[in-house]
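Summary of the model geometry
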Amino acid sequence: MTEPYRDPNLPVTERVEDLLGRMTVEEKAGQLTQFFFFAPQEVPDDLDVSTLPPEQQAYARGARVVSGRVSAGTVGSVLFVRDAALANGLQRRAVEDTRLGVPLLFGFDVIHGLRTIFPVPIATAASWDPSSAERGQAVAAREARAVGIHWAFAPMVDIARDARWGRIIEGAGEDPVLAAAMAAAQVRGFQGDLGPESILAGPKHFAGYGAARGGRDYDDSDISDSELRNVYLPPFKAAVDAGAANIMSAYMDLNGVPASGNRWLLTDVLRGEWGFEGFVVSDANAVKSLETQHFAADPADAGARALRAGLDMEMAVSDPAFTHLPGAVAEGNLDEAALDQAVRRVLAAKFALGLFESPYVDVDAAPEILGRADHRDAARAAAERTMVLLSNDGTLPLDAAATPRIAVIGELAASRRDVLGPWIFDYDAAESVTLLDGIRARVGDAAVVDYAPGVGIPRRVFPSMFDRMESLLEETPDEHDDDAELARAVELAEASDVAIVVTGQRQNQIGEKSSVSTLDLPGRAVEQIEALAATGTPVVVVLMTGRPVDLRRVDGKVAAIVEAWYPGTRGGEAVASVLFGDVSPAGRLPFTWPRHVGQVPMVYNHYRTFAPQDQGERYWDEESTPLYPFGHGLSYAAFAYDNLRVDRDVVPVGGTVQVAVDVTNRSDRAADEVVQLYIHQRHGEATRPVRELKGFERVTIGAGETRAVEFDLGPDQLRYWSAASRSWVQDETVIDVYVGGDSTAPLATVVTVQG
């Protein structure tokens with residue numbers, strides 16, 4: 001007779017309970033354990049590991065240990081396997097070698113694509129187009145599932161308000177409304193209907209990771225209740241509301257309590273207030289780190305306290321703390337009911353994915369899915385939507401016929417690896433379209449495109465931990481002569497009609513463990529830009545960055561500046577389409593762009609506080625205003641805002657008012673505009689920021705066309721967490737309403753909220 005848990009016709013809850021009732025305590029703890037699996041292939045049982053080179057022995061031993069534990073039924077999940085055949089081999093051990101045949105859950109960092117690389121997440125946020133984010137992650141999910149991956153450790157939804165923090169590149173910037181929209185969209189893209197082309201989404205890092213002191217990755221975060229509730233938590237809440245099946249807890253201490261052992265965070269808020277029903281996984285080694293952080297006494301204490309706090313699965317490199325859970329149960333330090341509840345959540349995810357019925361992946365089908373041309377086309381389209389035109393004196397868009405000789409300068413312009421950005425592990429650099437490639441392809445025979453690498457990019461003082469995992473790592477050669485290359489670049493610019501200078505940071509200079517102490521462009525980059533501008537040839541600066549950089553000596557000195565981010569597999573084509581006007585740029589900044597590192601953290605939604613009239617003079621030596629405001633971005637079209645109106649001037653508490661504005665395209669070309677709605681509350685139980693984004697819409701407006709754009713302002717937009725009462729409130733008050741193309745929008749009206 002077939003065991004009930006194997007019957008696909010039974011409800012998931014019944015299948016879970018039947019399987020749970022058959023498991024030993026050791027098997028239960030195993031389901032809550034996730035191991036890294038770094039080996040390129042399974043290690044044969046008869047291999048003498050000691051014969052391998054030293055650098056390979058650790059990987060081989062680790063792979064052998066994990067493989068053995070899979071066969072013993074004491075592993076529930078494996079991460080970092082991205083080969084279909086290898087996944088099937090490990091899955092076969094779990095399904096066929098163990099008495100219960102519980103399949104493995106394979107997880108992976110699918111951040112902005114698997115084989116097809118989309119723009120980095122901060123760039124996607126700059127599109128201000130959640131539907132673009134959703135489409136991109138649907139492609140990523142299809143490719144991931146094709147090679148046996150069931151679960152993405154994404155999206156990262158941490159708010160980032162300090163540009164020094166390296167992982168600013170993985171999120172959606174500084175604003176909770178924009179970040180929440182992007183979080184929900186990515187969850188929908190990954191998970192779809194949880195069918196055979198979908199994977200579980202794992203929003204991370206819960207919570208407050210982006211507020212690390214000094215922007216130093218892994219440092220603690222100290223966040224007020226008001227800021228935590230109003231700024232840092234809303235993107236996670238949006239991801240949960242969108243149906244996220246998993247949440248990843250953060251490494252660091254939050255207000256003195258490590259996030260991975262924080263019951264208030266993982267249970268009271270996540271499950272009690274928000275109703276989250278999925279499972280929580282730790283970040284890498286975060287459970288064992290509870291001992292390192294002097295929170296837990298030892299690994300056994302760390303495992304028990306993490307589980308009691310509400311953490312369901314431990315991600316471990318080796319020696320998991322959760323190995324001690326059976327002992328904790330036996331010794332009375334952990335209630336087996338708590339263990340059972342965590343196992344239920346993990347098993348439910350496996351049943352929901354259909355892994356008991358279809359545990360294996362079609363190895364032969366994977367290459368076709370990974371190579372789909374429409375995926376590459378989608379990546380280019382997504383990249384085109386992310387480009388932000390920071391400044392322009394009219395030089396852009398370029399006309400190839402009017403600029404028959406074009407200089408392209410900068411090592412990043414010809415880099416196949418850097419154009420893809422960080423946090424990718426299964427890319428094919430051979431198909432990367434560099435910016436140089438894209439420009440040459442776009443102009444064809446209409447212009448001559450000459451290239452010079454220019455000044456080099458200094459290497460990191462402390463190498464990236466990811467460098468050893470790269471199949472291609474591009475660096476400035478040791479023999480590079482900066483002086484000679486700068487002179488060659490200047491000579492080339494003098495002989496050209498326009499100079500396109502690609503500058504920024506290499507992909508391994510941003511991301512995890514890639515925080516910086518300065519926002520300066522690296523090396524002699526600014527000196528080079530100044531020298532090129534001095535030739536009199538129009539200079540267009542294209543930035544390849546994932547954070548704002550210091551442009552005080554560049555802004556106003558060059559013809560145009562384009563933030564291209566790290567645009568992905570087809571990024572060079574996307575950049576060229578914007579430079580030559582095939583696409584009008586409509587990306588908008590998802591963060592405030594400071595003038596200097598000394599200003600950070602700088603955000604648009606600060607408070608009025610004392611002497612607001614002097615806000616721009618807080619420093620005596622430099623304006624305390626941004627170089628570019630949040631939401632900023634120029635266009636090749638010209639948009640005018642008019643006729644801002646509300647359907648009623650007075651609204652009751654709990655009521656909704658409709659806001660509308662007319663947006664006219666006064667140019668001779670169709671283009672996209674991002675219409676942004678901001679508010680300011682004049683008085684109430686607590687003070688509120690000078691401006692808060694409450695709605696946005698990216699719209700396409702034809703030449704000469706006027707579009708009416710509408711927003712709703714209701715209790716969801718008007719309530720806030722009050723530090724005065726430690727609760728959610730909506731005040732009787734007066735609300736200033738602003739609509740425009742960035743956070744400085746001047747067009748305004750007023751709404752009164754009455755009880």
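Each remark here, short or long, concerns the structure printed above.
A quick note: this is a predicted structure, and the numbers were derived from the prediction, not measured. (Residues numbered from 1 in each chain as written. Predicted model: local features only at pLDDT ≥ 70, side-chain atom pairs only at ≥ 80, totals over all residues. Heavy atoms only, no water.)

Examining the packing of helix H18 (residues 482-494) against helix H19 (residues 525-533)
Quick note on the threshold: Convention adopted: a line fitted to C-alpha atoms gives each axis, helices being fitted over their contacting stretch, and angles between N-to-C directions are expressed from 0 to 180 degrees. Helix and strand assignments follow DSSP, with helices taken as H or I runs no shorter than four residues and strands as E runs no shorter than two, numbered in order from the N terminus. Should an angle fall under 35 degrees it is taken as roughly parallel, and over 145 as roughly antiparallel, whereas 65 to 115 is taken as roughly perpendicular and any remaining angle as oblique. By convention, the crossing between two helices is left-handed when the near helix turns anticlockwise from the far helix through less than a right angle, and right-handed when the turn is clockwise. Residues are treated as being in contact if the distance between any of their heavy atoms lies within 4.5 Å. Ten residues, namely Ala, Val, Leu, Ile, Met, Phe, Trp, Tyr, Cys and Pro, are considered nonpolar, four, namely Asp, Glu, Lys and Arg, are considered charged, and the remaining ones, Gly among them, are considered polar.
At a minimum axis distance of 9 Å, the contact between H18 and H19 shows a crossing angle of 30°. One way to sum up the angle between H18 and H19 is to call them roughly parallel. With respect to the hand of their crossing, H18 and H19 are arranged in right-handed fashion. Contacts from Leu486, Ala489, Val490 and Ala493 in H18 reach Glu527, Gln528, Ala531 and Leu532 in H19. Of the residues belonging to the contact of H18 with H19, the class tally is six nonpolar, one polar and one charged.

What about the pattern of salt bridges?
Stated precisely, the cut-off is as follows: Salt bridges are identified by distance alone: a Lys or Arg side-chain nitrogen within 4 Å of an Asp or Glu carboxyl oxygen. Relative accessible area decides the class of each residue, using a 1.4 Å probe on protein chains only: under 20% of the type maximum gives buried, over 50% gives exposed, and in between gives partly exposed.
Counted by the stated rule, this structure contains 57 salt bridges. When the shortest N-O distance is used, the salt bridge between glutamate 336 and lysine 28 registers 2.7 Å. Of this pair, glutamate 336 sits in helix H14 (residues 336-352) while lysine 28 sits in helix H2 (residues 25-31), placing them 308 residues apart in sequence. For lysine 28, a relative accessible area of 5% translates into the label buried. Residues arginine 524 and aspartate 483 are paired through a salt bridge, measuring 2.8 Å at the closest nitrogen-oxygen approach. With arginine 524 in the loop between strand E14 (498-504) and H19 and aspartate 483 in helix H18, this residue pair connects regions lying 41 residues apart in the sequence.

So, unusual backbone geometry
Put simply, leucine 396 and proline 397 share a cis peptide bond, and its omega is 0°. Mapping proline 397 onto the fold places it in the loop between strand E11 (388-392) and strand E12 (405-409). Cis peptide bonds are those with omega within 30 degrees of zero, and the linkage from valine 600 to proline 601 qualifies with -5°. Mapped onto the secondary structure, proline 601 falls in the loop between helix H20 (571-579) and strand E17 (639-646). With a phi angle near 60°, tryptophan 565 is a residue other than glycine that sits in the positive phi range. Tracing the backbone through its elements, the reader meets tryptophan 565 in the loop between strand E16 (560-563) and H20. With a relative accessible area of 0%, tryptophan 565 lands in the buried category.

Remarks on the packing of helix H16 (residues 373-384) against H20
The geometry of H16 relative to H20 is characterised by a closest axis approach of 8 Å and an angle of 40° between their N-to-C directions. One finds that H16 runs oblique with respect to H20. Crossing geometry of H16 relative to H20 is assigned as right-handed. On the side of H16, the interface is formed by Arg380, Ala383 and Glu384, while H20 contributes Glu573, Ala574, Ser577 and Val578.

Some remarks on the sheet that holds strand E22 (residues 706-713)
Rules: In this scheme, strands are said to pair when DSSP sees at least two bridges between them.
A sheet is described by the order of its strands in space; here three strands give the open sequence E17-E19-E22, paired in antiparallel fashion. The sheet is open, and its two edges are formed by E17 and E22, each paired on a single side. With direction set aside, neighbouring strand axes in the sheet form an average angle of 20°. The pairing of E17 with strand E19 (residues 657-665) spans six bridges and is antiparallel. Counterpart to phenylalanine 639 in the pairing with E19 is asparagine 665.

So, the nonpolar core
This is how it is decided: To qualify as a nonpolar core, a set must consist of buried Ala, Val, Leu, Ile, Met, Phe, Trp, Tyr and Cys residues joined through side-chain atoms within 4.5 Å.
Phe206, Leu551, Leu579 and Trp593 are the most contacted members of the largest nonpolar core, which totals 201 residues. Filtering out sequence-adjacent residues up to four positions away, phenylalanine 206 remains in contact with Leu233, Phe236, Ile247, Met248, Ser249, Ala250, Ala259, Leu265, Leu266, Leu270 and Trp274. Counting 24 residues, the second largest nonpolar core, distinct from the first, contains Leu644, Val663, Ile701 and Phe711.

Notes on the sheet that holds strand E18 (residues 650-652)
The five strands lie next to each other as E18-E26-E25-E20-E21, forming an open sheet whose pairing is mixed. Pairing within the sheet leaves two strands with one partner each, and these edge strands are E18 and strand E21 (692-701). Within this sheet the neighbouring strands show an average axis-to-axis angle of 25°, counted without direction. Bridge analysis of E18 against strand E26 (residues 748-754) gives three bridges, and the strand direction is parallel. Note that in E26 the partner of valine 651 across the bridge is valine 753.

Details of helix H8 (residues 225-232)
Burial of H8 is extensive: six of the eight residues sit out of reach of the surface. Listing the buried residues of H8 in full gives Ser226, Leu228, Arg229, Asn230, Val231 and Tyr232. The secondary structure elements touched by the buried residues of H8 are helix H7 (176-191), helix H9 (234-241), strand E7 (253-254), helix H10 (263-273), strand E23 (720-722) and strand E24 (727-729).

Section: the environment of aspartate 450
Using the following cut-off: Pairing of N or O atoms within 3.5 Å defines a polar contact, subject to two protein rules: one partner must be a possible hydrogen donor and the other a possible acceptor, and residues neighboring in sequence count only if both atoms are side-chain atoms.
Counting through the fold element by element, aspartate 450 comes out in strand E13 (residues 448-452). Residues within four places of aspartate 450 in sequence aside, it is in contact with Arg405, Ile406, Ala407, Val408, Arg440 and Leu492. Among the polar contacts listed, one links the side chain of aspartate 450 to the side chain of arginine 405, at a separation of 2.8 Å.

Examining the environment of proline 234
Residue placement: proline 234 occurs in helix H9. On the basis of relative accessible area, proline 234 is assigned to the partly exposed category, the value being 23%. The spacing of proline 234 and valine 651 is 417 residues in sequence and 25 Å in space, taken between C-alpha atoms. With residues near it in sequence (within four places) discarded, proline 234 still touches Pro176, Ala180, Leu228 and Arg229.

Quick word on the side chain of asparagine 230
Secondary-structure assignment places asparagine 230 in helix H8. A polar side-chain atom of asparagine 230 sits 2.8 Å from the main-chain amide nitrogen of tryptophan 721. Beyond its immediate sequence surroundings of up to four residues, asparagine 230 is in contact with Pro176, Arg688, Tyr720, Trp721 and Trp728.

Quick word on the packing of aromatic side chains
Quick reminder of the rule: Pairing of aromatic side chains requires ring centres within 6.5 Å, counting the rings of Phe and Tyr and the six-membered ring of Trp. Pairs whose planes differ by under 30 degrees are stacked, by over 60 edge-to-face, and all others tilted. Sitting over a ring, as applied to charges here, requires NZ of Lys or CZ of Arg to be within 6 Å of the ring centre and within 35 degrees of the ring normal.
Summed over all chains, the structure comprises 26 aromatic pairs. Both rings, one in tyrosine 209 and one in tyrosine 251, keep their centres 6.0 Å apart while their planes meet at 70°; by these two values the pair is edge-to-face. Taken together, the positions of tyrosine 209 in the loop between strand E5 (200-201) and H8 and tyrosine 251 in the loop between strand E6 (246-248) and E7 put the pair 42 residues apart, joining distant regions of the chain. Residue classification places tyrosine 209 among the buried residues on the basis of a relative accessible area of 0%. Judged by its relative accessible area of 17%, tyrosine 251 falls in the buried class. Summarising the aromatic geometry, the rings of tryptophan 423 and phenylalanine 425 are spaced 5.7 Å apart at their centres and angled 85° between planes, so their arrangement reads as edge-to-face. Look at phenylalanine 425 and you get buried, because its relative accessible area is 11%. Aromatic rings pair up to connect Phe36, Phe38, Phe80, Phe108, Trp423, Phe425 and Phe466 into one cluster. A cation sits over an aromatic face here: arginine 305 above phenylalanine 295, 3.9 Å from the ring centre. Just above the ring of tyrosine 427 sits the side chain of arginine 417; from NZ or CZ to the centre is 4.5 Å.

Some points on H14
Note the threshold: Take the number of residues in a helix, subtract one, and multiply by 1.5 Å to get its expected span.
Helix length check: H14 (17 residues) gives 24 Å between terminal C-alpha atoms against 24 Å at 1.5 Å per residue, within 8%. Along H14, the residues that are buried comprise Leu339, Asp340, Ala342, Val343, Arg345, Val346, Leu347, Ala349, Lys350 and Phe351. Taken from the residues just after H14, glycine 354 is the one with a positive phi, measuring 75°.

This is a description of form; function is not addressed.
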